[in-house]
Amino acid sequence: MKGNKILIVEDELITAENIRESLVRSGYTVTGIASSGDEAFGMIGSDMPDLSLVDIRIRGDQDGIEVARRMTGDFDIPVIYLTAYSDDDVVMRARDTLSYGYLLKPFEDRELSSNIEIALHKHRADRTVRESEARLKESNEKLRTTVMGIAEAMAMAVETRDPYTAGHQRRVAQLAAAIALDLGLPSDTINGITIAASIHDIGKLGVPAELLVKPSRLTDVEFQLIEDHSRAGYEILRNIDFPWPIAEMVYQHHERLNGTGYPRGLAGDEILPEARIIVVADVVEAIASHRPYRPALGLEIAVKELTEFRGIRYDPAPVNACLSLLGGGFVFSADGRQALQGTA
């Protein structure tokens, strides 16, 4: 749009004046003429231009390409390069920067004006995209925080009915997230695993409370009721539109690699990779912690279980990562809380 402010960076005074006159004829405002990078940045400080025309060969320690890189990177000013030479090496260097055009001198008023308008339009479009991406990122971060808050509320609802395993889900989530991180999984995948692990026992809301706190061994019928919590958890979660397969991870957290788990007897690749990580974390925490019907068995027994049945019941990759973490001194935090990846 005519009336935009243009800064000229050109060390040949006659050429610079000709460009200034061309810009004025086309309706632009010239904020200044600089012959070096230092002079140009001094002018930017007092009057920010909408666009800068930068000759590649200028005076001073910085050439036009270096000046343009700083203008676009530090000040978000679009740059059109000016040059009297079509040197291939120079052109390639210029392309490595975020330039908005490249004009060979001499040029006509119409050519200069059309290049400026195209550059300004493209810059506005680029800025709109960046601002939209920033807003989307902020919305996603708020969504992750909200989802985690809901998951924590669900976890607390389970733990109020099962005080003997209070904190179990949060500790499983913490270990599962550490395993996923050790495996190099993307942060978004780790977030899904964290949330699923933190509510993996939500199906226990449908189990009679007296069974959850029974201090003796369960009967076969009672154990079948407990086993149903994986399916019940799936039913609670399946209609919630999570950005991850949370319900299915919860459904699968008692499945085993060789098909001996429950409730569906899934095996191998039928089990989600995320669920296989939760399985390992759940087994370790369950063995190492107190249960109503037995005292804590400790990490040594948990390590023995993983080592003995690696590749049989449990996926070797998360087992190896877990053993590495435990051997490296992994400890659960005081409250067992696990922050989502990408959040403070």
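Details of the structure are given in the entry above.
Please read all numbers here as calculations on a predicted model, not as lab measurements.

Turning next to the nonpolar core. Counting residues in each nonpolar core, the largest one holds 46 residues, and the members touching the most others are Ile179, Leu237, Ile246 and Leu306. Looking at this core, the elements with two or more residues in it are α5 (109-161), α6 (168-182), α7 (187-198), α11 (246-251), α12 (273-288), α13 (299-308) and α14 (316-327). When residues no more than four places from it in sequence are discounted, the contact partners of leucine 306 are Val280, Val283, Val284, Tyr314, Val319, Cys322 and Leu323. Counting 17 residues, the second-largest nonpolar core is a separate cluster that includes Ala16, Leu51, Leu82 and Leu120.

This brings us to the packing of α6 against α14. Two numbers describe how α6 lies on α14: the axes approach to 9 Å, and their chain directions differ by 105°. By the angle between their directions, the pair α6 and α14 is classed as roughly perpendicular. Residues Leu175, Ala178, Ile179 and Asp182 of α6 touch α14, and the partners they reach there are Pro318, Ala321, Cys322 and Leu325. In terms of residue class, the contact of α6 with α14 is made up of seven nonpolar, no polar and one charged.

A few words on the packing of aromatic side chains. Tallied over the entire structure, the rule returns three aromatic pairs. Between the aromatic rings of phenylalanine 41 and phenylalanine 75, the centroid separation amounts to 5.8 Å while the plane-to-plane angle is 25°, which identifies the pairing as stacked. Here the residue phenylalanine 41 occupies a position in helix α2 (residues 37-46), and phenylalanine 75 occupies one in helix α3 (residues 64-75), the gap between them amounting to 34 residues. Between the NZ or CZ atom of arginine 264 and the centre of the ring of tyrosine 251, over which it lies, the distance is 3.7 Å.

Calculation rules
Residues numbered from 1 in each chain as written. Predicted model: local features only at pLDDT ≥ 70, side-chain atom pairs only at ≥ 80, totals over all residues. Heavy atoms only, no water. Core = buried A, V, L, I, M, F, W, Y, C linked by side-chain atoms within 4.5 Å. Buried < 20%, exposed > 50% of the residue type's maximum accessible area, 1.4 Å probe, protein only. Helix = DSSP H or I, 4+ residues; strand = E, 2+ residues; numbered from the N terminus. Contact = heavy atoms within 4.5 Å. Axes fitted to C-alpha atoms, helices over the stretch in contact; angles between N-to-C directions. Parallel < 35°, antiparallel > 145°, perpendicular 65-115°, else oblique. Nonpolar A, V, L, I, M, F, W, Y, C, P; charged D, E, K, R; others polar. Phe/Tyr/Trp six-rings, centres within 6.5 Å; stacked < 30°, edge-to-face > 60°. Lys NZ or Arg CZ within 6 Å of the ring centre and 35° of its normal.

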